[in-house]
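What the coordinates show
So the chains spell out like this:
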Amino acid sequence: MRLPLSLGGSMIRNTFVALTLGGVVAASCSFSPGAPAGSSVVAPPGSGSGASSGSGSAASSGGGASSGGGANTGTGNSAPPPTADGRNCGTNQFGLQNIPPDLLIVLDKSGSMAEDQMDNTCARGAVCESKWSDMIAGINMVVGQTEATIRWGLKYFSTDGNCGVTAGAAVPIAANNAMAISTSIMGENPEGNTPTAAGVTSGATYLMGLTDPNPKYILLATDGEPNCGAGKKSSASDAAGAEAAVTMSAAAGIPVFVVGVGDVTSAHTTLNALATNGGRPQTGDPAFYPVTNTADLVSVLTKIGGQIASCSFSLGKAPPDPTNIAVYADGVRLAQSMTNGWEYGAGMTSVELNGAACDNVKSKATKDIQAVFGCPGVVIP
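My aim in this report is to walk through the structure given alongside it, one point at a time. Owing to the predicted nature of the structure, the values given are computational and were not obtained by experimental measurement. What you see as residue numbers is a count from 1 along each chain, following the sequence as written. For this predicted model, a pLDDT threshold of at least 70 governs which residues receive local features, and a threshold of 80 or more governs which side-chain atom pairs are given and counted, while totals over whole chains, interfaces and linings are taken from all residues. Only hydrogens and water are removed before side-chain values are computed, so all heavy atoms of the structure are retained for them.

Each helix and strand in the chain was counted, giving 9 helices and 15 strands. Counting over 381 residues, the chain shows a buried share of 51%. The contact criterion used throughout is that any non-hydrogen atoms of two residues lie within 4.5 Å. If you take every contact in the chain between residues at least 6 apart in sequence, the share linking residues at least 24 apart comes to 73%. Here a helix means four or more residues in a row that DSSP labels H or I, a strand means two or more in a row labelled E, and each is numbered from the N terminus. Relative accessible area decides the class of each residue, using a 1.4 Å probe on protein chains only: under 20% of the type maximum gives buried, over 50% gives exposed, and in between gives partly exposed.

Structure representation (structure tokens):
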């Protein structure tokens, strides 16, 4: 049976960790533990009313789950003191909070982005919708709508009018970044070459240097073949270098979504390879996300935002006995499974839901996720 909030008998040494999903947004289903409940302890069921006898409450006063005439009423028993390893598997209770994803836009700022969607030069004074202007409009719209649920950042390539890419981000990853991104992108003009490999490598390096626990992604938006290969010669193709860069990023736990801007017929094969190597391709052909106008970009960014609604739930630290943990969705215990249930994330410090279990979280059909840690030798029923 699933552990109730009040633990008793051999079950006292299990920690109950609850992840409340009320109000989960489409951008993330990741959670991390808040502060432990201090000196609060949970009273065992049966006789006794917690830390104080009679009609008193458990360790914390008031109308909590363990107070007064609730399930723990009676006489004679009091709540057990926290164990020495209470933060892992004693009686401390943790509240968990939502973690939004980090999404870094790595944006092609090469001279061809000033052309229209068919790669025609926009003549001075002519009415011409450039790829750059379409990108500005689409990015500003979606970031403005999702800045509270996705931690956006922005990086350009190139940054020196040739093949150079500045380290870090033009707009560092943060919540509520719509104004900063709009201000930055409006102050830029397309110029230079397309050092895709350097842009992705630098972006991944920046994200790997962040210390926040949020899931991390790159959105690569480009309008053509990578160049600046063979010793950064501007005309030299660097498709292989770009493919290696996205492969490295994905291997480091930072998947790359690839958006092809405008008429990318000549770069179709390369962009497909980038999308596949980046770990987040579309099904079918093209594997990348093609966009030819602002509406396309808004649709794609919205779709990607839904995909990064991760089903990762932080445990704070690895359980005391990684083989003795139970995960519940709305009270139903989930199997440990890669196809429909849960698996550990990196370092066993998080659980990843997959299959229908993840789908139900994203659609909000599942309202409550819970995890129970069992100490070594104390098996969870």
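Our next topic: the sheet that holds strand β10 (residues 312-314). Strands were regarded as paired on the criterion that DSSP finds at least two bridges between them. The 3 strands are arranged β10-β14-β13 in an open sheet whose pairing can be described as antiparallel. Every other strand in the sheet has two partners, leaving β10 and β13 (341-344) as the edge strands with one partner each. Each strand axis lies, on average, 25° off the axis of its neighbour in the sheet, ignoring direction. Relative to strand β14 (residues 350-354), β13 is paired through 4 bridges, and the arrangement is antiparallel. Note that in β14 the partner of tyrosine 344 across the bridge is valine 351. Each axis is a line fitted through C-alpha atoms, taken for helices only over the stretch in contact, and angles between the N-to-C directions span 0 to 180 degrees.

As a further point, take the sheet that holds strand β4 (residues 102-108). Reading across the sheet, the 6 strands line up as β6-β5-β4-β7-β8-β9 and stay open at both edges, with mixed pairing between neighbours. Each edge of the open sheet carries a strand with a single partner, namely β6 (171-174) and β9 (289-291). When strand polarity is set aside, the average angle formed by the axes of neighbouring strands in this sheet is 20°. Here helix α3 (residues 178-186) sits on the sheet and contacts β4, β5 (151-157) and β6; the angle it forms with β5, its principal contact strand, is near 15°. Along the sheet face, helix α8 (residues 294-307) touches β7 (216-222), β8 (256-261) and β9 and points at about 155° away from the line of β9.

What follows is about the nonpolar core. Ranked by internal contacts, the top residues of the largest apolar core, which has 32 residues, are Leu107, Met135, Ile139, Trp152, Leu154, Ile185 and Val259. It is helix α2 (residues 131-146) that provides the largest number of residues to this core, a total of 6 residues. In this view, isoleucine 185 contacts Leu107, Trp132, Ile136, Ile139, Asn140, Leu154 and Tyr156; residues no more than four positions away in its chain are not counted. Formed by 24 residues, the second largest nonpolar core is a distinct cluster that contains Val106, Ile218, Val258 and Val264. Buried residues of nine kinds, namely Ala, Val, Leu, Ile, Met, Phe, Trp, Tyr and Cys, make up a nonpolar core once their side-chain atoms join them within 4.5 Å.

What follows covers the pattern of salt bridges. The working definition used for a salt bridge is a side-chain nitrogen of Lys or Arg within 4 Å of a carboxyl oxygen of Asp or Glu. According to the stated counting rule, one finds 7 salt bridges in the structure shown. Across the pair lysine 131 and aspartate 119 runs a salt bridge whose closest N-O atoms are separated by 2.6 Å. With lysine 131 in helix α2 and aspartate 119 in the loop between β4 and α2, this pair connects stretches of sequence that are 12 residues apart. In this structure lysine 131 comes out as buried when scored by relative accessible area, which is 0%. In this structure, arginine 151 engages aspartate 212 in a salt bridge whose closest nitrogen and oxygen atoms are separated by 3.3 Å. With arginine 151 in strand β5 and aspartate 212 in the loop between α4 (196-208) and β7, the pair connects residues that are 61 residues apart, well separated along the chain.

Disulfide assignment relies on a single distance test, namely cysteine sulfur atoms paired within 2.5 Å. One pass over the structure, following the stated rule, counts 1 disulfide. What pairs with cysteine 163 in a disulfide is cysteine 228, and their sulfur atoms sit 2.1 Å apart. Looking along the S-S bond of the cysteine 163-cysteine 228 disulfide, the torsion reads about -80°, which is the left-handed sense. Placement of cysteine 163 in the loop between β5 and β6 and of cysteine 228 in the loop between β7 and α5 (229-232) is noted, with a sequence separation of 65 residues between them. Comparing cysteine 163 with cysteine 228, the two get one shared label, buried.

What follows deals with unusual backbone geometry. The omega torsion of the bond from phenylalanine 157 to serine 158 falls at -5°, within 30 degrees of zero and hence cis. For serine 158, the location among the structural elements is in the loop between β5 and β6. Cis rather than trans, the peptide bond between aspartate 285 and proline 286 has omega equal to 10°. Mapped onto the fold, proline 286 is located in the loop between α7 (268-277) and β9. Despite not being glycine, aspartate 119 has its phi angle at roughly 65°, a positive value. For aspartate 119, a relative accessible area of 33% gives the class partly exposed.

Time to look at the packing of aromatic side chains. Aromatic ring pairs are reported here in terms of the distance separating the ring centres and the angle at which the planes meet. Only centres within 6.5 Å qualify two rings of Phe, Tyr or Trp (six-membered ring in Trp) as a pair; their planes then separate them into stacked at under 30 degrees, edge-to-face at over 60, and tilted for everything else. If you walk through the whole model with that rule in mind, you get 3 aromatic pairs. Note on tryptophan 132 and tyrosine 156: the rings are 6.4 Å apart at their centroids and 40° apart in plane angle, and the pair reads as tilted. With tryptophan 132 in helix α2 and tyrosine 156 in strand β5, this pair connects stretches of sequence that are 24 residues apart. What makes tryptophan 132 buried here is its relative accessible area of 5%. For the ring pair tyrosine 217 and phenylalanine 257, a centre distance of 6.1 Å and an interplane angle of 45° mean the geometry is tilted. Of this pair, tyrosine 217 sits in strand β7 while phenylalanine 257 is found in strand β8, placing the two residues 40 residues apart along the sequence.

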